[in-house]
Amino acid sequence: LIRGDYAVTSLKNISLLAKDQLSATTISGIMSYISGSKLNMKSVNTMTIKSELLGIGSSLTFSGIGSSISASGIGSTVTAKNGLGVAIELTGHIHPQPNDADGDVQLPTLAPIA
Ligand SMILES: [Fe+2]
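Everything quoted here is computed from the prediction, not taken from an experiment.

Caption draft 1: Fine view of the overall build of the protein chain. A count of helical and extended segments in the protein chain gives 0 helices and 2 strands. Expressed along its principal axes, the backbone C-alpha trace of the protein chain runs to roughly 75 × 35 × 30 Å. Considering only contacts within the protein chain whose residues lie at least 6 apart along the sequence, 0% involve residues at least 24 apart. If you average the places of the 7 positive and of the 7 negative side-chain charges in the protein chain, the two averages end up 27 Å apart.

Here it is, written out as structure tokens:
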């Protein structure tokens, strides 16, 4: 137990390796991971990023010129819930259309393909 601040500094590399689990927790403070170059986060299995604040005001922000989000695996998709709580899949949703000026039923538009 350390009752004050604690810091580890290396003029070269620091590595942590656990055969089983590794966790880092703050009780009330901010957790920061800051890279002077690239930040790579990888998982062999499911990777979850979640705000525990009841989902209220939760946001995930990518800022900077040229920011983008991509899902590159076959079958990858991005899904978000609309204001009614309906999950809308980016590459699988359709757009219903109102009838045209003559009252003819219009088919929904298809999901984007590119
Ligand atoms: Fe759309």
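Moving on, there is more to tell.
Caption draft 2: Expanded view of the coordination of the iron ion. Around the iron ion, the protein contributes the donor atoms His 93 (NE2) and His 95 (NE2), which lie 2.0 to 2.2 Å from the metal centre. Looking at His 93, the relative accessible area reads 19%, which means it is buried. His 95 gets classed as partly exposed once you look at its relative accessible area, which sits at 44%.

Caption draft 3: Representation of a nonpolar patch on the surface. A cluster of nonpolar side chains, namely Met 31, Tyr 33, Leu 39, Met 41, Met 47, Ile 49, Leu 60, Phe 62 and Ile 69, defines an oily patch on the protein surface of about 1,100 Å² accessible area. Residue placement: Met 31 occurs in the segment before β1 (79-81). Owing to a relative accessible area of 39%, Met 31 belongs among the partly exposed residues under this scheme.

Caption draft 4: The environment of Ser 32, seen in detail. Take Ser 32: it is sitting in the segment before β1. Ser 32 gets classed as exposed once you look at its relative accessible area, which sits at 51%. Spatially, the C-alpha atoms of Ser 32 and Pro 108 are 45 Å apart, while their sequence positions differ by 76 residues.

Criteria and cut-off values
- Residues numbered from 1 in each chain as written.
- Predicted model: local features only at pLDDT ≥ 70, side-chain atom pairs only at ≥ 80, totals over all residues.
- Heavy atoms only, no water.
- Helix = DSSP H or I, 4+ residues; strand = E, 2+ residues; numbered from the N terminus.
- Contact = heavy atoms within 4.5 Å.
- Lys, Arg positive; Asp, Glu negative; His and termini not counted.
- Charge placed at Lys NZ, Arg CZ, Asp CG, Glu CD.
- Donors = N, O, S within 2.8 Å, 3.2 Å for Na, K, Ca; no water.
- Buried < 20%, exposed > 50% of the residue type's maximum accessible area, 1.4 Å probe, protein only.
- Patch = residues over 30% accessible without salt bridge, like charges linked within 9 Å, V, L, I, M, F, W, Y side chains within 5 Å.
- Areas by Shrake-Rupley, 256 points an atom, 1.4 Å probe, with all protein chains shown as cover.
- Salt bridge = Lys/Arg side-chain N within 4 Å of Asp/Glu carboxyl O.

Keep in mind these values describe shape, not function.
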